[in-house]
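Analysis of the macromolecular model
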Amino acid sequence: TIISATAPAFTKKGADATPNQAQLLQKQISELQSAASQNARHVKELAEQLQSTVAAIEQAALVAEAKHQRAWRVSLAALAISAISLCAVVLHVLIL
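Presented here is an overview of the structure given in this document. The structure presented is a predicted model; accordingly, all values stated were derived computationally and were not measured.

1. Quick notes on a nonpolar patch on the surface
A cluster of nonpolar side chains, namely Leu86, Val90, Leu91, Leu94 and Ile95, defines an oily patch on the protein surface of about 560 Å² accessible area. Mapped onto the secondary structure, Leu86 falls in helix α2 (residues 21-95).

Put into structure tokens, the structure is as follows:
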């Protein structure tokens, strides 16, 4: 399974492990410390990736906001030109 493939292989107690109990315990402690250090490195890497991802999303949000503001201004300009054109047509019809 995936879990068994990714799980660290820690030293297990055997049936004849009682004479070397201290050595076994020390080996297990060393393995756990190594696993904890490796996990800490992975967490740090993930945090750095998350930080860069958040920065990229913030930058994209700023760009999207700028585009939105520009589209809003163009829409207002188009509305103003349309209103002026409509007024010109109405005046032209009333004058004729």
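Let's pick the thread back up.
2. Comments concerning the environment of Ser82
Its place among the elements puts Ser82 in helix α2. Residue Ser82 is classed as partly exposed on the basis of its relative accessible area of 44%. There is a polar contact of 2.9 Å between the side chain of Ser82 and the backbone oxygen of Ala78.

Calculation notes
- Residues numbered from 1 in each chain as written.
- Predicted model: local features only at pLDDT ≥ 70, side-chain atom pairs only at ≥ 80, totals over all residues.
- Heavy atoms only, no water.
- Patch = residues over 30% accessible without salt bridge, like charges linked within 9 Å, V, L, I, M, F, W, Y side chains within 5 Å.
- Areas by Shrake-Rupley, 256 points an atom, 1.4 Å probe, with all protein chains shown as cover.
- Salt bridge = Lys/Arg side-chain N within 4 Å of Asp/Glu carboxyl O.
- Helix = DSSP H or I, 4+ residues; strand = E, 2+ residues; numbered from the N terminus.
- Buried < 20%, exposed > 50% of the residue type's maximum accessible area, 1.4 Å probe, protein only.
- Polar contact = N/O pair within 3.5 Å; in protein donor to acceptor, adjacent residues only side chain to side chain.

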